[in-house]
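This is what each chain is made of:
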Amino acid sequence: MVATRSSSRTPETPPPPPPRSPTLSTTPSSAGVAMTAMLSATGETTIPTSTGTIRVRPYRTPSSTKADKFKAVLSFEPRHSSFDRENKRSQTDEFRGFFTLFWICLALLFVRTSLDSWDAHRTLLSLNFGYLITRDVAVLAFADLVMVASMLLAVPFVKCLQHRYFSYYWTGVAIQHAFQAAYLGVAIWWGWARQWYWVQSGFLVLHCLASLMKIHSYMAHNGLLSTVYFRLQDEKRTLDQYVDSLPGGYDAVIAEAAARQVELEEQEAAAGTTSGGATPLGTPGVNTPASIDDALASASASALSGAASSTVPPAIALSHVHDGDLRKRATAGSKRRALHPATDALPAPAKGLPLGTSLEPSHHTTPHRPRPVSQLAWSADDRVALLARNVDQMDDELRSNGPRGLAWPENVTYRHFFEFMFFPTLVYQLEYPRTNSIRPLYVLEKILATFGTFSLIYLITEHYIMPYTPKPGHSLLHTFVQLALPMIVNYLLIFYIIFECVCAGFAELSYFADREFYQDWWNSTSWDEFSRKWNKPVHTFLLRHVYASTMSGLRFSRTTAMMATFLLSALCHELVMAVVTKKIRPYLFLMQMIQLPMIAVGRLPIVRRNKTIGNIVFWIGLMMGFPLLAICYLVF
């Protein structure tokens, strides 16, 4: 076990028990929160938190002879994007100079192209593309404003759930999906009716899809919490009615439970004194399953809920649980139970209770401390104890993971939803890690970077893409070669302006602390690795609301759930292309689905061993894709 502290919350969890494996603990602080995690005795352990990653590397000093004489080096890495100047890892990377060189080369390209344009047309930049993208701009801005304002309809939907006008399953689900279908349909129809250029129609439908994911996550998560809330109220009523029906009523039952708790705790204290090494009374035990099968089930449930990992599918997250570790945990659990008659007397909550905030992505949250065990849970009456434990469990599922400690339905307000609208995330939860202030210079930097990057995108599109767009009768090979380089450069610039400028800027303005919007996708050796790393907000949404949801709700296998997720993603990409090109041609859909066998090839041992080859294949495929799509949609 290892105890670490984060400065975002007050102390909550007591110190861990005396360990049987290497441990590390910190001094209690009034500005910290205690966290526990399994610590490897041989390798580095990573502990994800809401604001970064703690790395623990244990080592034994030369003078140490006993197995428990371990020391450890702790390092903390904030969750910054790779190109953020606040990212210390990027600032010390050996290749950071190439990033600087990339922008210098683009600046020289801008100057050179502007001079050539001046010599030829007496204008620094051609304005043909500018006239196209500014056409009907006032109508586009108004339509976008109406679309954003329509997102607020999600709040009265949740308020109806709160007042139990209808239940989420299945009336609420039907209303939710009907609203989402109408929301997307109106955006598509409006762009078609206005006969906009591809930039205007593409922007509107892409913004609509992003807003739709936010709406879906907000409605679905609050709908889930509403089922927990009303199940909790029903369980409380059942408990109160049953307690009142017993001889002596509530007072007699609570007195009996308190006396039994004292008796069991005295037995536990005596057992601890006899053994000489028992866990101190009141110290929470490790969440150790009672057997290997229980541990596998626990790990499966954690992976299914999306809490095991935010960057890998649950199937991959589950593969990191080793049988040896499970056997050690099961053995340790059986020893602890022999010394904990008090806590062992508490029944486990009933199976099948609805889950709530425990399903929120673990890298976005700081888990809250479970509420103290209800006094009634110590009752000798099995039904009273079980109902009390069920109430405790569901009460925890309604509480936010963070310092504010919100409990549903306290979050069901327009102000709370308005905040969520501005957060650069697509997955809703009750609470997010926040910063304490806004840095004006940082915001100014992102504004200038946005305009500067857009200028480069405009120049490349105007002078190096539009003149070479394929037309019937042109040499397709010549067109492909002409478009490959400017299109991949434009792709890199669009990626930068979206994630490093717009998302980071909104994160700063909204006090949103988690800035990891992407990972090192440029080092990808397979397409599934690329899909996980290049767009973390969308990946987290698909992982939680499609992949995990189809496994838990529709009982899909991991393979079937992966296929369903990939199919939905491919259909959404094809929808965008249909709106932009105003024709239905499944070229992008087919290219997306071709990635499935390519993913299987990328998992072959020979490819895994040769990461350079895998990275070359990835980049060649990415560079070929854009000009091929342009040729297919514009010519055929």
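Residues numbered from 1 in each chain as written. Predicted model: local features only at pLDDT ≥ 70, side-chain atom pairs only at ≥ 80, totals over all residues. Heavy atoms only, no water.

A. Region of interest: the overall build of the protein. Scanning the protein for helices and strands turns up 22 helices and five strands. The long-range share in the protein, meaning contacts at least 24 apart out of those at least 6 apart in sequence, stands at 72%. Accessible surface, the protein as shown: approximately 32,900 Å² in total, 64% of it carbon and sulfur. (Helix = DSSP H or I, 4+ residues; strand = E, 2+ residues; numbered from the N terminus. Contact = heavy atoms within 4.5 Å. Areas by Shrake-Rupley, 256 points an atom, 1.4 Å probe, with all protein chains shown as cover.)

B. Representation of unusual backbone geometry within the structure. Omega for the peptide link from Tyr169 to Trp170 comes to 5°, which places this bond in the cis form. Cis geometry marks the peptide bond from Trp408 to Pro409, where omega comes out at 10°. If you trace the backbone, Pro409 turns up in the loop between α13 (382–397) and α14 (414–422). The phi angle at Arg164 is positive, at roughly 60°, despite the residue not being glycine. When its relative accessible area of 43% is taken as the criterion, Arg164 is described as partly exposed. (Buried < 20%, exposed > 50% of the residue type's maximum accessible area, 1.4 Å probe, protein only.)

C. Main features of the packing of helix α5 (residues 154–162) against helix α7 (residues 198–245). As a packed pair, α5 and α7 sit with axes 10 Å apart at the nearest point and diverge in direction by 10°. The angle between α5 and α7 places the two elements in the roughly parallel class. Every residue of α7 that contacts α5 at Ala154, Val155, Phe157, Val158, Leu161 and Gln162 is listed here: Ile215, Tyr218, Met219, Asn222, Gly223, Ser226 and Phe230. By residue class, the composition of the contact of α5 with α7 is nine nonpolar, four polar and no charged. (Axes fitted to C-alpha atoms, helices over the stretch in contact; angles between N-to-C directions. Parallel < 35°, antiparallel > 145°, perpendicular 65-115°, else oblique. Nonpolar A, V, L, I, M, F, W, Y, C, P; charged D, E, K, R; others polar.)

D. Local environment of the side chain of Thr540. Along the chain, the position of Thr540 falls in helix α18 (residues 536–553). We classify Thr540 as buried; its relative accessible area is 6%. Among the polar contacts made by the side chain of Thr540, one reaches the main-chain carbonyl oxygen of Lys536 at a distance of 2.8 Å. (Polar contact = N/O pair within 3.5 Å; in protein donor to acceptor, adjacent residues only side chain to side chain.)

E. Quick look at the side chain of Lys214. For Lys214, the position within the fold is in helix α7. Look at Lys214: it is buried, it has no salt bridge, and the nearest opposite charge is Glu419 at 11 Å. Among the polar contacts listed, one links the side chain of Lys214 to the backbone oxygen of Phe423, at a separation of 2.9 Å. Discounting chain neighbours no more than four positions away, the residues touching Lys214 are Met151, Phe420, Met421, Phe423, Thr425 and Leu426. (Lys, Arg positive; Asp, Glu negative; His and termini not counted. Salt bridge = Lys/Arg side-chain N within 4 Å of Asp/Glu carboxyl O.)

F. Main features of the environment of Arg399. Relative to the helices and strands, Arg399 is located in the loop between α13 and α14. Given the relative accessible area of 23%, Arg399 is considered partly exposed. As a C-alpha pair, Arg399 and Glu410 span 11 residues in sequence and 9.8 Å in three-dimensional space.

G. The arrangement of helix α19 (residues 558–581) in detail. For α19, which comprises 24 residues, the first-to-last C-alpha distance of 35 Å matches the rise-based estimate of 34 Å (1.5 Å per residue) to within 8%. All buried positions along α19 are accounted for by Ala561, Thr565, Phe566, Ser569, Ala570, Glu574, Val576, Met577, Ala578, Val579 and Val580. The secondary structure elements touched by the buried residues of α19 are α6 (168–194), α7, α18, α20 (587–602) and α22 (611–635). One or two residues past the end of α19 sits Lys582, with phi positive at roughly 60°. (Expected span 1.5 Å × (residues − 1).)

H. Layout of the packing of aromatic side chains. On inspection of all chains with the given rule, the structure shows 47 aromatic pairs. An angle of 40° between the planes, with centres 6.5 Å apart, marks the rings of Phe495 and Trp534 as tilted. In this pair, Phe495 sits in helix α16 (residues 476–509) while Trp534 sits in the loop between α17 (527–533) and α18, placing the two residues 39 residues apart along the sequence. Relative accessible area serves as the criterion here: at 4%, Phe495 is assigned to the buried category. (Phe/Tyr/Trp six-rings, centres within 6.5 Å; stacked < 30°, edge-to-face > 60°.)

I. Examining the confidence of the model for the protein more closely. Confidence in the prediction for the protein averages 80 pLDDT; 75% of positions are at 70 or higher. Here helix α10 (residues 314–318) is the element of the protein with the lowest mean pLDDT, 31, and α5 is the one with the highest, 97. For the stretch residues 1–34, pLDDT sits under 50, and the model shows 77 contacts to residues farther than four places along the chain or on other chains. The low-confidence segment residues 61–68 (pLDDT under 50) makes four contacts with residues lying over four places distant or belonging to another chain. (pLDDT = per-residue confidence, 0-100.)

J. Local environment of the packing of α16 against α22. Two numbers describe how α16 lies on α22: the axes approach to 8 Å, and their chain directions differ by 120°. On the basis of the axis angle, α16 is oblique to α22. Read as a crossing pair, α16 and α22 show a hand that is right-handed. Of α22, the residues touching α16 (which contributes Leu476, Thr479, Phe480, Leu483, Ala484, Met487, Ile488, Tyr491 and Leu492) are Trp619, Leu622, Met623, Met624, Phe626, Pro627, Leu628, Ala630, Ile631 and Val635. Of the residues in the contact of α16 with α22, the class split is 18 nonpolar, one polar and no charged. (Left-handed = near helix turned anticlockwise from the far one by under 90°.)

K. Representation of helix α4 (residues 137–150). End to end, α4 covers 20 Å across 14 residues, agreeing with the expected 20 Å (1.5 Å per residue, within 8%). Taken as a whole, α4 has its buried residues at Leu140, Ala143, Asp144 and Met147. For α4, the arc enclosing every buried residue in end-on projection is 100°, short of the 170-degree limit, so these residues lie on one face. For α4, exposure combined with an orientation more than 90 degrees from the buried face picks out Ala138, Phe142 and Leu145. As for α4, its buried residues are in contact with α6 and α7. (Arc of directions from axis to C-beta.)

L. Representation of a nonpolar patch on the surface within the structure. A contiguous nonpolar patch, built from Phe95, Phe98, Leu101, Ile104 and Leu108 and spanning about 550 Å² of accessible area, is present on the exposed surface. The topology assignment puts Phe98 in helix α2 (residues 96–121). (Patch = residues over 30% accessible without salt bridge, like charges linked within 9 Å, V, L, I, M, F, W, Y side chains within 5 Å.)

M. Just the pattern of salt bridges, in detail. Using the criterion set out here, one finds 13 salt bridges in the structure. Close ionic contact of Asp234 with Arg164 constitutes a salt bridge, the shortest N to O distance being 3.8 Å. You can see Asp234 sitting in helix α7 and its partner Arg164 sitting in the loop between α5 and α6, a full 70 residues away along the chain. On the basis of relative accessibility, which here comes to 28%, the residue Asp234 falls in the partly exposed class. The salt bridge partner of Glu235 is Arg231, with a shortest N-O separation of 3.6 Å. Pair noted here: Glu235 and Arg231 are both in helix α7, with a separation of four residues, about one helical turn. On the accessibility criterion, Arg231 (32% relative accessible area) is partly exposed. Three or more residues are tied together by salt bridges with common partners; here these are Arg164, Asp234 and Arg237.

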